[in-house]
Structures are given as C-alpha cells and as structure tokens.
Amino acid sequence: MRPAWSIIFFTSISGLGFGLAAWVVLGFIDLVHPQQIFGVGGLVMLLIGAGLLSSTLHLGHPERAWRALSQWRSSWLSREGVLAVLAMLALAGWGWHVFAIGTPPLWANTAAALLMAVTVYATSMIYASLKTVARWHHPLTPICYLMFAAAGGLLAILWLQAFLGQGQSDAFELAVLLALASAWGVKLVWWQIAGANGSGSTLASATGLAGLGEVRSIMPPHTSENYLQHEMGFVIARKHASRLRLIALGLGGILPCLLVIMDGGSAMGIGLALLLHMAGVFVERWLFFAEAKHTVSIYYGHQH
Amino acid sequence: MTSLPEPSAIKLGLVIDLDICVGCQACVVNCKEWNTSGYGAPLSDSDAYGAKPSGAWLNRVHAFEAGTGADAKVVHFPKSCLHCEDAPCVTVCPTGASFKRSEDGIVLVNEDWCIGCGLCAWSCPYGAREMDPAEGVMKKCTLCVDRIYNENLPSEDQVPACVRTCPTNARHYGDLGDPNSEVSLLVAARGGVDLMPEQNTKPVNKYLPPRPRRAANDTPMSLLAMADEATPSGFWKWVDSTLEKLG
C-alpha cells in the first residue's frame with residue numbers, strides 16, 4: 001500500500017495526542033496554575049487536531065469531510081471521526097472543569113481516558129477491518145496502535161513532568177521504560193505473525209481458472225501505472241524492510257529508553273527521547289503501509 | 001446509508017464467458033466512452049498524450065495463461081465491479097456516498113457526497129474502483145444504470161455498454177436473482193464461478209470458465225494424413241501409377 005505522508009502523520013501524531021490525553025485526565029500530571037491547564041490542554045489539542053487535519057489532506061474533497069461523521073453504524077473511518085470529535089469535546093470539558101471547579105470525579109476521568117483509548121482503537125480498526133490487506137487484518141493490529149499511543153503518551157508525561165519541574169518518581173520512569181519495551185515487543189511479534197498472514201487468495205481463485213492448471217499473468221490491462229498500482233502496488237519498502245525495522249526499533253525504542261535511563265530526568269534529555277520515539281513511530285507507520293500487500297496485486301501477478 | 005440493504009430479489013449483473021472473450025478491448029473502450037458522458041463526472045485521464053498516460057477506467061481486460069505445455073491456454077479476462085451482495089466497499093464508506101440499491105443490487109457512488117478518501121478502493125479485493133484523477137471522487141461500474149432503465153433508447157440498447165458492444169457475445173447481462181433467467185441458466189449450464197469466493201463478498205457477476213479442450217494427443221487427423229489417404233481415380237490415377245513406375 002502507498003505510504004501517504006498525511007496518513008502516517010495522522011495516525012502517529014493523533015495517536016500520541018490521545019495517549020497523552022488519557023494519562024493527563026487520569027491525573028498523571030499535576031495541573032495547578034491556569035497556564036499549566038491551558039498549556040498542557042492546548043498541546044494535547046494541537047497534537048490531536050494536527051493529526052486530524054492532516055488526515056483530510058489526502059482527500060479528493062476535504063471540504064466535504066464533515067460528511068464522514070454520518071456512517072458510524074457501519075464504517076470504522078466514520079466511527080473514528082465521531083469518536084475523535086467526542087474525545088476533543090470531553091477533553092475541553094475536562095479542562096474547563098479543572099479550571100473552574102477542580103479535578104473531576106474518578107469515574108468521569110476514567111470514562112474520558114477510555115474514550116481516548118476507544119478512539120485510538122477506532123483508528124486502528126480502519127486498517128484492521130480490511131480483509132483485503134492480510135497483514136493488517138489481525139487482532140494484534142489494534143493492540144500495536146494502543147500500545148504505541150500509551151507508551152508515547154507516558155513518555156510525553158515524563159517530559160512534561162520534567163519541563164514543569166514536577167518531581168519524577170523512579171517507579172514512573174520504570175513504567176515508561178516498560179511501556180516502551182512492551183509496545184516494541186508487541187510490534188516485533190506483529191511483524192513476525194501478522195506479517196506472515198496470507199490473504200488466502202491466489203491467482204487461481206481470483207480468476208476461477210484453477211481447473212486449467214497453474215495460472216500466470218501474461219499481459220497487464222494497461223500500458224502504464226494506473227490508480228490501483230499507484231495506490232496498492234507499492235513495492236519499494238520490501239527490499240529494505242529488515243533494515244528499516246531495525247531503524248524504527250532503534251529510534252523509537254532503544255535510544256529513548258537509554259536516554260530515559262541515563263539522562264536523569266532533564267527536560268532536554270526526555271524531550272529528545274520523545275522526538276526520537278516519534279521518529280521511530282513514523283518509520284514504523286511508514287512500514288505498516290509500505291510493506292502491506294493488497295489482494296488486487298494478485299491480478300498483476302504478485303504472489304500472496 | 002452505507003449499511004447494506006436486505007438482499008434484493010432482483011440481482012442485476014454480468015456473466016462473462018472466458019471461453020469466448022478474445023481480448024479485443026472493445027468493451028473497455030465503449031465503457032469509457034459511455035461513462036465519460038453519462039452518470040457523474042467525466043472519466044478523466046492524466047497525461048493522456050505524454051510518456052505516462054493514466055486515467056480512470058471502469059473495466060479492464062487482463063490476460064492470463066493457464067496450464068502448461070501444449071495444454072496451456074491464453075484467457076482474456078475482463079474485470080469490472082461484481083456488484084457484490086456483501087459489498088465491503090459500501091460498509092467502509094464514512095459518508096454514505098457508496099451504496100447498494102435495494103431494488104436491484106447495483107452498487108453506486110453518489111459523487112456529490114464522496115470525499116475521495118479511497119477507503120472503498122482499499123476494501124475491494126478485486127480492484128474494481130478507481131479514483132478520478134481530475135474530479136477527486138471514486139468511480140466505478142454503474143452497470144450502465146443510465147442505459148438499462150432508459151426508455152428513450154431502443155430496447156436493444158437498454159443493456160450495459162460493454163455488453164452491447166462485445167463483438168463475440170462474451171458478455172451477458174440479466175437478473176441473477178431469478179434462477180430461471182437466461183443468465184442464471186447459462187451460469188448453471190456452464191458451471192459459472194465467483195471470483196475470490198474466500199473473500200466472502202458474494203459477487204453477483206459470474207465468470208464462465210473456458211470449456212474443456214481436447215487433449216493435445218487427441219487432435220483431428222492432419223491435413224497431410226487426409227491427403228495421403230485420398231485415393232486418386234481416373235486421369236490422376238494413371239498419372240499417379242505412371243510416376244510411381246518412373247520412381
């Protein structure tokens with residue numbers, strides 16, 4: 001599948017935003033002064049909003065994007081849109097409550113955090129629900145998205161704690177390291193298991209010619225690349241896949257962990273760890289699309 | 001509404017005879033011609049006269065080879081929307097632009113609602129949908145909904161453009177929901193198949209596999225053998241025997 005930059009940016013940045021939002025509403029960062037409430041709230045909104053805006057960039061008609069909120073009964077893309085709007089409203093309401101009244105009750109905070117998680121789940125299901133892309137159509141796909149959102153969010157909390165001069169506990173630092181390690185651990189498993197997932201379709205089943213023996217493509221139906229090949233026949237990544245996976249793991253997992261362990265909790269050090277983590281997630285997300293094979297490529301003679 | 005309707009009694013669709021198709025591309029061209037001026041925005045091209053021409057087409061003819069050695073067979077393979085009963089392209093649509101008609105099962109795109117996200121094309125295992133490069137909306141086979149119900153056309157033209165133009169009658173159009181329709185009887189007689197049945201999309205369109213051919217060693221008597229066996233008579237008998245004596 002073609003790795004569109006707008007979609008890579010959308011899934012990684014809003015994933016980080018929703019992850020951070022969940023930990024913020026659960027009280028992992030102390031928001032005392034109005035500047036802190038609006039600063040942190042604004043940062044979260046910026047991350048989520050930038051991601052969502054970016055997702056409209058690849059549309060043929062971005063001005064009609066509002067229509068995507070209507071089909072939540074059947075479409076995961078629509079559900080994602082509706083949930084994202086609800087999540088942003090919940091976050092705004094939460095910020096107002098903290099500012100005007102005080103910390104909301106635990107049930108409200110938990111519900112808001114769950115809403116963030118469900119939104120990330122809906123993002124992942126846009127891809128995981130597609131039977132046509134076998135490696136996406138796997139129960140571990142949503143787990144990967146949720147783990148990266150949670151781990152990125154925790155790392156961002158750690159950075160905010162350092163940035164706002166709040167005390168950091170060793171236990172929390174350990175939790176961040178564990179979250180990063182498990183997110184990449186699940187991803188490694190996903191690469192092994194989901195990556196080997198086949199569509200179950202072959203050129204014989206795609207053409208109904210199984211009775212004649214082995215089927216081969218001898219002539220494409222057009223003389224130059226068409227939409228289907230441009231969109232779903234991306235092959236460049238597979239050549240460098242193993243190297244890119246190492247780069248993703250190094251940037252997004254190993255280096256941030258080392259920085260968190262060695263730096264001793266400076267805002268600069270954790271900030272760098274967060275930037276590196278996001279760079280790693282970008283590479284991971286790029287591979288998520290670029291490595292994926294679509295069943296239509298069977299008609300063009302690719303093996304599945 | 002992008003939830004699928006209850007399966008309709010009438011299931012309009014195509015039956016494509018892979019035994020007959022010669023890959024002439026006439027259906028492809030007539031499809032483009034009709035649909036560039038019919039339902040929705042024109043089917044545009046990009047770089048049409050340049051080095052890398054591309055564009056939106058609703059029907060494409062692949063060519064495959066099946067079998068090995070003397071039994072290998074070239075099969076021309078037209079591919080367009082199969083108007084699936086469980087159409088994944090309909091349920092993934094976030095706007096309601098992609099829909100399946102409850103009255104006849106035709107899958108269509110409301111181009112005024114389409115945001116051009118491309119998710120329906122991703123969800124289609126067959127590659128039946130293509131984004132229009134100029135209009136930014138998704139294009140697909142409409143089963144020529146603007147022909148088949150158009151009473152201003154002569155009755156023989158009230159069929160999809162690809163069916164009307166096929167010079168070999170490899171394409172058939174009709175109601176596959178009616179077990180006694182001509183197309184249903186044809187599918188039953190020839191063992192028509194679904195494409196990628198394992199994807200569970202329940203396509204309405206059916207493909208008729210090529211008829212079994214005689215084995216390579218069971219070919220008819222060669223022309224040479226026929227000539228050898230022919231016994232000359234009269235003048236030619238005399239020429240024949242005289243030449244034999246000379247030899």
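Higher on the page you've got the structure.
The following refers to the structure shown. What you see is a predicted model, and the numbers here were worked out from it, not measured in a lab. In every chain, residue numbers begin from 1 and rise along the written sequence. Chains and ligands are labelled sequentially in the order written, the chains with letters from A and the ligands with numbers from 1. Reporting in this predicted model follows two pLDDT cut-offs: at least 70 for local features of residues, and 80 or more for side-chain atom pairs to be given and counted; totals over whole chains, interfaces and linings ignore these cut-offs and use all residues.

Further remarks concern the overall build of chain B. Starting at the N terminus, helices and strands are each numbered in turn, a helix being any DSSP run of H or I of at least four residues and a strand any DSSP run of E of at least two. Counting its secondary structure elements, chain B contains eight helices and 11 strands. The globule rule is 2.2 Å times the number of residues to the power 0.38, and the radius of gyration it is compared with is taken over C-alpha atoms. Radius of gyration (C-alpha) of chain B: 25 Å, far over the 18 Å computed for a compact globule of 247 residues. Based on the C-alpha atoms only, the size of chain B along its principal axes is roughly 90 × 50 × 40 Å. Whether two residues are in contact depends on their C-beta atoms, placed from the backbone: they are in contact if these lie within 7 Å. In chain B, the proportion of contacts linking residues at least 24 apart, taken out of those at least 6 apart, comes to 61%.

With that out of the way, let us pick up the interface of chain B and chain A. Counting from both sides, the interface comprises 54 residues of chain B and, opposite them, 46 residues of chain A. Those elements that place two or more of their residues in the side of chain B that touches chain A are β4 (59-66), β5 (73-80), α2 (88-91), α3 (119-123) and β8 (130-131) of chain B. Ranked by the residues each element gives to the side of chain B that touches chain A, the list is headed by β4(B), at seven residues. Split into classes, the residues belonging to the side of chain B that touches chain A amount to 32 nonpolar, 15 polar and seven charged. One bridge is not enough; two strands pair if DSSP finds at least two bridges between them. Judged from the four bridges that link them, strand β1 (residues 215-219) of chain A and β4(B) form a sheet pairing that is antiparallel. Within the sheet, the bridge partner assigned to A:Ser217 lies in β4(B) and is B:Phe64. We call Asp, Glu, Lys and Arg charged. Ala, Val, Leu, Ile, Met, Phe, Trp, Tyr, Cys and Pro are nonpolar, and the rest, Gly among them, are polar.

All names here are of chain A. Take Ala 150: it is sitting in helix α5 (residues 140-163). The class of Ala 150 is buried, set by 23 C-beta atoms lying within 10 Å. Taking the C-alpha atoms as reference points, Ala 150 and Ala 183, separated by 33 residues in sequence, lie 8.4 Å from one another. If we skip the residues at most four places from it in the chain, Ala 150 touches Gly 19 and Ala 179. Residues with at least 20 other C-beta atoms within 10 Å of their own are called buried, those with 12 or fewer are called exposed, and the rest are partly exposed. The C-beta atoms themselves are positioned from the backbone.

Here we take up α5(A). Residue and element names in this part refer to chain A. Helices are assigned an expected span. That span is 1.5 Å times one less than the residue count. The terminal C-alpha atoms of α5 lie 34 Å apart, and with 24 residues this matches the ideal 34 Å at 1.5 Å per residue to within 8%. For α5, a buried count of 21 out of 24 residues is recorded, marking the element as mostly surrounded by other parts of the structure. Following α5 by one or two positions, Gly 165 has its phi on the positive side, about 70°.

So, on to the sheet that holds β4(B). Strand order in the open sheet made by the three strands is β1(A)-β4(B)-β5(B), with antiparallel pairing throughout. With partners counted over all chains shown, the strands left at the sheet margins are β1 of chain A together with β5 of chain B, one partner each. In this sheet, neighbouring strand axes are inclined to one another by 40° on average, regardless of whether the strands run parallel or antiparallel. In this analysis, axes come from line fits to C-alpha atoms, helices being fitted only over the stretch in contact, and the angle between any two N-to-C directions falls in the range 0 to 180 degrees. In the packing of helix α1 (residues 26-35) of chain B onto the sheet, contacts are made with β4 and β5 of chain B, and the angle to β4(B) comes to roughly 165°.

Most of β5(B) is tucked away: six of the eight residues are buried. The hairpin formed by β4(B) and β5(B) contains six residues between the paired strands, and B:Gly67 there has a positive phi angle of roughly 85°.

What follows is about the sheet that holds strand β11 (residues 206-208) of chain B. All names here are of chain B. A sheet is described by the order of its strands in space; here three strands give the open sequence β10-β1-β11, paired in mixed fashion. Looking along the sheet, the strands with just one partner apiece sit at the ends: β10 (171-175) and β11. Between one strand axis and the next, the sheet turns through 25° on average, direction left out of account. Note that strand β1 (residues 12-17) and β11 share three bridges and pair parallel. Paired with Asp 17 across the strands is Leu 208, a residue of β11. Helix α6 (residues 182-190) rests against β1, β10 and β11 of the sheet, and its axis sits at about 120° to β10.

Our next topic: unusual backbone geometry. All names here are of chain B. With phi around 55°, Leu 143 is a residue other than glycine that occupies positive phi space. Position of Leu 143 among the secondary structure elements: in the loop between β9 (138-139) and α4 (145-148). Among the residues examined, Leu 143 registers 28 C-beta atoms within 10 Å and is labelled buried. One non-glycine residue, Met 196, lies in the positive phi region at around 45°. Here Met 196 lies in the loop between α6 and β11. By the C-beta count within 10 Å, which is 23 here, Met 196 ends up buried.

Residues and elements named next belong to chain A. At a minimum axis distance of 7 Å, the contact between helix α1 (residues 5-25) and helix α2 (residues 34-55) shows a crossing angle of 155°. Looking at the two axes, α1 sits roughly antiparallel to α2. The hand of the α1/α2 crossing is left-handed. Taken together, the residues of α2 that come into contact with α1 (itself represented by Ser 6, Ile 7, Phe 9, Phe 10, Ile 13, Ser 14, Leu 16, Gly 17, Phe 18, Leu 20, Ala 21 and Val 24) are Val 40, Val 44, Leu 47, Ile 48, Ala 50, Gly 51, Leu 52, Ser 54 and Ser 55. Tallied by class, residues from the contact of α1 with α2 come to 15 nonpolar, six polar and no charged. Throughout, the term roughly parallel applies to angles under 35 degrees, roughly antiparallel to angles over 145, roughly perpendicular to angles from 65 to 115, and oblique to all others. For any helix crossing, the convention is left-handed if the near helix is rotated counterclockwise from the far helix by under a right angle, and right-handed if that rotation is clockwise.

Residues and elements named next belong to chain A. At their nearest, the axes of helix α3 (residues 76-100) and helix α4 (residues 106-128) sit 9 Å apart, and the two run at 155° to each other. Between α3 and α4, the interaxial angle falls into the category roughly antiparallel. Remark: the crossing between α3 and α4 carries left-handed chirality. Contacts between α3 and α4 pair Trp 76, Leu 77, Arg 79, Glu 80, Leu 83, Ala 84, Leu 86, Ala 87, Ala 90 and Trp 94 from the former with Ala 112, Leu 115, Met 116, Val 118, Thr 119, Ala 122, Thr 123, Met 125 and Ile 126 from the latter. Here the residues of the contact of α3 with α4 sort into 15 nonpolar, two polar and two charged.

Looking now at the pairing of β4(B). Residues and elements named next belong to chain B. Most of β4 sits out of view: six of its eight residues are buried. Two strands pair when backbone bridges link them, and β4 and β5 are joined in this way by eight bridges, in the antiparallel orientation. Looking at β5, one finds that Arg 60 is bridged to Lys 79.

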